[in-house]
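Here is what each chain is made of, one letter per residue.
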Amino acid sequence: MIGRLNHVAIAVPDLEAARAIYLGILGARVAPPQPLPEQGVRVAFVELPNARIELMEPLGEKSPIHGFLERNPAGGIHHLCYEVDDIRAARDHLLALGARVLGEGEPRPGAHGKPVLFLHPKDFCGSLIELEEV
Ligand code: CO
C-alpha cells in the first residue's frame, strides 16, 4: 500500500542552526524556512536526490512538537512520511485492520499542500507515520 519514502522529519530547537548544519557542514540543498501556522511549526526542507528531510521547529505556544523537544532537547527524528496514491482508501484499509489514525481521521493539507494523515506510533514500531497523498 505505501509507496516511496517522501521525507524524514527532524524536530529541532533552532531551525537556523539546523539549516546551517545541513547547508554548511553536510553540503545539502536546503529550501528557505516556511511557516506552517495551522500545524504549529516552521519548516525547512533539505532536498536529497532520493527523499527530503523536513527540519521543523515549534511555532507558537501550542505547537504539537513542544512536548517532543522537552523530551529531546537537542532535537530528534519525529516522523517518517510515506506516499500513498489514495489517502482515504489507505485510511479505511488501516482502520479496518485496527490501526489508529490520529486526530479526526480526516486528511488535512500538509507541508506540500497535499492531504496528509498521521498514524499512531504504538501501532507502527514506535514511530510516528505520516501518509501523504501524491
Ligand atoms: Co512531515
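Residues numbered from 1 in each chain as written. Predicted model: local features only at pLDDT ≥ 70, side-chain atom pairs only at ≥ 80, totals over all residues. Heavy atoms only, no water.

1. What about the side chain of Glu54?
Here Glu54 lies in strand 5 (residues 52-58). Here Glu54 sits buried without a salt bridge, and the closest side chain of opposite charge, Arg52, lies 8.9 Å off (N-O distance). A distance of 3.2 Å separates polar atoms of two side chains, one belonging to Glu54 and the other to His79. When residues no more than four places from it in sequence are discounted, the contact partners of Glu54 are His7, Val8, Ala9, Ile10, Val43, Ala44, Phe45, His79, Ala111 and Glu130. (Helix = DSSP H or I, 4+ residues; strand = E, 2+ residues; numbered from the N terminus. Buried < 20%, exposed > 50% of the residue type's maximum accessible area, 1.4 Å probe, protein only. Lys, Arg positive; Asp, Glu negative; His and termini not counted. Salt bridge = Lys/Arg side-chain N within 4 Å of Asp/Glu carboxyl O. Polar contact = N/O pair within 3.5 Å; in protein donor to acceptor, adjacent residues only side chain to side chain. Contact = heavy atoms within 4.5 Å.)

2. Considering the coordination of the cobalt ion
The cobalt ion binds to the protein through His7 (NE2), Glu54 (OE), His79 (NE2) and Glu130 (OE); the donor distances cover 2.0 to 2.3 Å. Here the cobalt ion binds four donor atoms, and the angle range of 84 to 175° at the metal identifies the geometry as irregular. As a motif over one chain, the donors of the cobalt ion read H-x46-E-x24-H-x50-E. With a gap of 72 residues between them, His7 in strand 1 (residues 5-11) and His79 in strand 6 (residues 76-84) connect regions that are remote in the sequence. On the basis of relative accessibility, which here comes to 4%, the residue His79 falls in the buried class. (Donors = N, O, S within 2.8 Å, 3.2 Å for Na, K, Ca; no water. Tetrahedral: all angles 85-135°; square planar, octahedral: opposite > 155°, others 65-115°.)

3. Considerations on the environment of Asp123
Residue placement: Asp123 occurs in the loop between strand 8 (115-119) and strand 9 (128-133). As for Asp123 and Ala99, which are separated by 24 residues in sequence, their C-alpha atoms are 6.1 Å apart. Dropping the residues within four chain positions of it, Asp123 is found in contact with Gly98, Ala99 and Arg100.

4. Some words on helix 3 (residues 87-96)
Every buried residue belonging to helix 3 is among Ile87, Ala90, Arg91 and Leu94, and all of these are buried. Within helix 3, the buried residues cover an arc of 100° as seen down the axis, which keeps them to one side. Its buried side turned inward, helix 3 meets strand 6, strand 8 and strand 9. Capping the start of helix 3, Asp86 holds a side-chain oxygen 3.1 Å from the backbone nitrogen of Arg88, two or three residues further along. Looking one or two residues beyond helix 3, the residue adopting positive phi is Gly98, at roughly 90°. (Arc of directions from axis to C-beta.)

5. Notes on the pattern of salt bridges
Tallied over the full model, the rule gives eight salt bridges. The residue Glu16 makes a salt bridge to Arg42 at a minimum N-O spacing of 3.2 Å. One end of the pair, Glu16, is in helix 1 (residues 15-25); the other, Arg42, is in strand 4 (residues 41-47), and 26 residues separate them in sequence. Among the ionic pairs, Arg91 bridges to Glu106, the shortest N-O distance being 3.0 Å. Remark: Glu106 occurs in the loop between helix 3 and strand 7 (108-109) and Arg91 occurs in helix 3; sequence separation between them is 15 residues. Classification of Arg91 as buried rests on a relative accessible area of 12%.

6. Remarks on the packing of aromatic side chains
Enumeration according to the criterion identifies zero aromatic pairs in this entry. Between Arg52 and the ring centre of Phe45, over which it is positioned, the NZ or CZ distance is 5.8 Å. (Phe/Tyr/Trp six-rings, centres within 6.5 Å; stacked < 30°, edge-to-face > 60°. Lys NZ or Arg CZ within 6 Å of the ring centre and 35° of its normal.)

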